[in-house]
Amino acid sequence: MDDLGGNIVKRLRTFIALAAVPLFLAACGNLGSSSMSSGSKTSTSGTQLTGQSNDNDYEGVIQSGHYTVSKSRGVTNTQDSGNTYNLKSFENGMLSVSKKVFSTKNYVFQEGQYLSSTTVQNWLDRKSKTNSVGLNPVDNGSKSASKRNPIYIQALEEQDYMTQKNGKLSLGGVTVGIAVNSVDYFKKVQYGATYETKITQAAGEAYAKKAANTVLKRMRQKSALKNVPIVIAVYRQASNDSLIGGTFLAYSNNKAGSTSVAKWTALNQKNYVFPISNGASSPNSNDASSFSNFKSQVENFFPNLSGVTAQAQYDGKTLQGMHVNITTQFYSQTEIINFTQYLQTAAQKYLPSGVPIDITVSSTDGIQSFLNRTASEKKFSSHVFNSY
């Protein structure tokens, strides 16, 4: 196993944070390194920044020793069972879109502070006599999957981007994500069977883009948001039974003071599950073959595997990254160690190069080991989770 130096520790901290909460900021940094710090690493007064594990991550805001959480975190429309991948890919994707406009070198990330839980919930509800601000259509009373007005907008999230000058933070821009359903799940009677209304990509995207104008106008009514850039991004959710999350379809960078969306930039993201199911195809057959060879090698090495799968994201036909999940049953710590060592060799030999890849090895007892490689690296770093 490779030496677990500073780089792997930082990656592991980031990974653990991702697994624990849907936050994707930098791993724990040196609080005293920021000019926003009071000068003492142990001080809990004033405003501090989290620091950065690398230049591709935003620093986050700490107020009086506490991380600044979103004013509307966790607010979504209720869907039957749900897909946890959607939440992670929605929030991670918002960060990726934001980086196109707000550089990690010039901006600091802060969870949304201007849209309250009540505001977001009212916007996500249906428009009605008692809720004139609802962004979803009026309930037409139909129980037919093809005739009812579906819930189009499933979630709405705000992310704030701060600039720093003379030791003070000020709002430099905002990103708002609008998540639309690909399937709206509903019940005809309480506690009854669940039915589905399918929403085409074209219909969902058109509805979200129309709602984006309303959202932009409403946000401009807040004095703090009148004269800052507001990015609005449209996300299409995956169905509840999907093994991957959804993808962003388009975004608009709206200049300070604008009250209507002038231009949309299309995104060509698609997510896939490896191995590719029968009858389906990936954008790049070489990637599918590489994963298939890796999977075969791993399964031949260790007899107690329950599954080897991967989530892969593409921009057009170009692979952007891969998350590999291996589920197995170990009987000893030495098996975990040797299996992880073998994975380092097999992953480097068979999996695609030049893209970020992480590998999680899990059992019924939880995560057993973790491997990681950035786009610029050749070798995988690894860590086996031990106990005393």
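Residues numbered from 1 in each chain as written. Predicted model: local features only at pLDDT ≥ 70, side-chain atom pairs only at ≥ 80, totals over all residues. Heavy atoms only, no water.

- Going by the annotation in an unreviewed UniProt entry, the name recorded for the chain is CamS family sex pheromone protein, with Levilactobacillus spicheri DSM 15429 given as the source organism.

1. Remarks on the sheet that holds strand E12 (residues 269-274)
Then step 1. Spatially, E12-E13-E14-E15-E16-E17 is the arrangement adopted by the six strands of the open sheet, whose pairing is mixed. If you trace the sheet from one side to the other, it starts and ends with E12 and strand E17 (381-384), each paired once. Along the sheet, successive strands turn relative to each other by an average axial angle of 15 degrees, direction set aside.
Then step 2. In the sheet, strand E14 (residues 318-328) pairs with strand E15 (residues 357-363) via six bridges, with the strands oriented parallel. (Pairing = 2+ DSSP bridges. Helix = DSSP H or I, 4+ residues; strand = E, 2+ residues; numbered from the N terminus. Axes fitted to C-alpha atoms, helices over the stretch in contact; angles between N-to-C directions.)

2. Some thoughts on the pattern of salt bridges
Then step 1. Counting across every chain of the model gives four salt bridges.
Then step 2. The salt bridge partner of Lys 209 is Glu 205, with a shortest N-O separation of 3.0 Å. Separated by four residues within a single helix, Lys 209 and Glu 205 lie in helix H4 (residues 201-220), roughly one turn from each other.
Then step 3. Glu 205 gets classed as buried once you look at its relative accessible area, which sits at 17%. (Salt bridge = Lys/Arg side-chain N within 4 Å of Asp/Glu carboxyl O. Buried < 20%, exposed > 50% of the residue type's maximum accessible area, 1.4 Å probe, protein only.)

3. Brief notes about the packing of helix H5 (residues 285-301) against helix H6 (residues 333-350)
Then step 1. Contact geometry of H5 with H6 gives a least axis separation of 10 Å together with a crossing angle of 155 degrees. Relative to H6, the element H5 lies roughly antiparallel. In this structure, H5 crosses over H6, and the sense of that crossing is right-handed. For the pair H5 and H6, the contacting residues are Ser 290, Asn 293, Phe 294, Gln 297, Val 298 and Phe 301 in the first and Asn 338, Phe 339, Tyr 342, Leu 343, Ala 346, Ala 347 and Tyr 350 in the second.
Then step 2. Classifying every residue of the contact of H5 with H6 by side-chain character gives nine nonpolar, four polar and no charged. (Parallel < 35°, antiparallel > 145°, perpendicular 65-115°, else oblique. Left-handed = near helix turned anticlockwise from the far one by under 90°. Contact = heavy atoms within 4.5 Å. Nonpolar A, V, L, I, M, F, W, Y, C, P; charged D, E, K, R; others polar.)

4. Looking at unusual backbone geometry
Then step 1. The omega angle of the peptide bond from Phe 274 to Pro 275 is 0 degrees, so this bond is cis rather than trans.
Then step 2. Mapped onto the fold, Pro 275 is located in the loop between E12 and H5.
Then step 3. At Asn 166, a position not held by glycine, the phi torsion is positive, near 55 degrees.
Then step 4. The topology assignment puts Asn 166 in the loop between strand E5 (153-165) and strand E6 (168-180).
Then step 5. Given a relative accessible area of 74%, Asn 166 falls into the exposed group.
Then step 6. For Tyr 191, which is not glycine, the phi torsion reads 65 degrees and is therefore positive.
Then step 7. Counting through the fold element by element, Tyr 191 comes out in the loop between strand E7 (183-187) and strand E8 (194-198).

5. Topic: the sheet that holds strand E3 (residues 66-67)
Then step 1. Read from one edge of the open sheet, three strands run E1-E2-E3, paired in antiparallel fashion. Each having just a single partner strand, strand E1 (47-49) and E3 make up the two edges of the open sheet.
Then step 2. Looking at chain direction, strand E2 (residues 61-63) and E3 are connected through two bridges and run antiparallel. Counted as the bridge partner of Gln 63 is His 66 from E3.

6. Some remarks on the nonpolar core
Then step 1. In this structure, Ile 153, Leu 156, Ile 178, Val 215 and Met 219 are the most contacted members of the largest nonpolar core, which totals 32 residues.
Then step 2. Secondary-structure elements contributing two or more residues to this core are helix H3 (117-124), E5, E6, H4 and strand E9 (230-236).
Then step 3. If you tally residues by element for this core, the top one is H4, at six residues.
Then step 4. If we ignore the near neighbours within four places in the chain, the residues touching Ile 178 are Phe 90, Ile 153, Ala 155, Leu 156, Ala 208, Ala 212, Val 215, Ile 232, Ala 233, Val 234 and Tyr 235.
Then step 5. In this structure, Tyr 314, Val 324, Ala 346 and Ile 359 belong to the second largest nonpolar core, which totals 30 residues. (Core = buried A, V, L, I, M, F, W, Y, C linked by side-chain atoms within 4.5 Å.)

7. What to know about the packing of aromatic side chains
Any aromatic ring pair is given by two values, namely how distant the centres are and how the planes are angled relative to each other.
Then step 1. Summed over all chains, the structure comprises 15 aromatic pairs.
Then step 2. Each ring, one from Phe 102 and one from Tyr 107, has its centre 5.1 Å from the other, and the planes form 65 degrees; the classification is edge-to-face. As far as the burial class goes, Phe 102 and Tyr 107 line up, both buried.
Then step 3. Joined through ring pairs, the aromatic side chains of Tyr 58, Phe 102, Tyr 107, Phe 109 and Tyr 161 make up one cluster.
Then step 4. Across the ring face of Phe 186, the terminal group of Arg 148 is positioned such that the distance to the ring centre comes to 3.9 Å. (Phe/Tyr/Trp six-rings, centres within 6.5 Å; stacked < 30°, edge-to-face > 60°. Lys NZ or Arg CZ within 6 Å of the ring centre and 35° of its normal.)

8. Considerations on H3
Then step 1. Those residues of H3 not exposed but buried are Val 120, Trp 123 and Leu 124. Projected down its long axis, H3 carries its buried residues within an arc of 95 degrees, all on one side.
Then step 2. Its buried side turned inward, H3 meets E5 and H4. (Arc of directions from axis to C-beta.)

9. Quick look at the side chain of Glu 157
Then step 1. By secondary structure assignment, the location of Glu 157 is in strand E5.
Then step 2. Among residues more than four places away in sequence, those in contact with Glu 157 are Phe 90, Glu 91, Met 94, Thr 175, Val 176 and Gly 177.

10. Describing H6
Then step 1. Taking 1.5 Å per residue, 18 residues should reach 26 Å; H6 reaches 26 Å between its end C-alpha atoms and fits that length.
Then step 2. Structurally, H6 contributes buried residues whose contacts are with H5, strand E13 (305-315), E14, E15, strand E16 (366-373) and E17. (Expected span 1.5 Å × (residues − 1).)

11. Re the confidence of the model for the chain
Then step 1. In the predicted model, the chain carries a mean pLDDT of 87, and the fraction of residues at 70 or more is 87%.
Then step 2. The low-confidence segment residues 1-35, where pLDDT is below 50, has 76 contacts with residues more than four positions distant or belonging to other chains.
Then step 3. Between residues 37-44, whose pLDDT stays under 50, and residues either more than four places distant or in other chains, the model counts 13 contacts. (pLDDT = per-residue confidence, 0-100.)

12. Some details on the environment of Leu 156
Then step 1. Here Leu 156 shows up in strand E5.
Then step 2. Residue Leu 156 is classed as buried on the basis of its relative accessible area, which comes to 3%.
Then step 3. As a C-alpha pair, Leu 156 and Val 215 span 59 residues in sequence and 9.9 Å in three-dimensional space.
Then step 4. Residue contacts for Leu 156: discarding those within four places in its chain leaves Leu 115, Val 120, Trp 123, Leu 124, Leu 135, Val 176, Gly 177, Ile 178 and Val 215.

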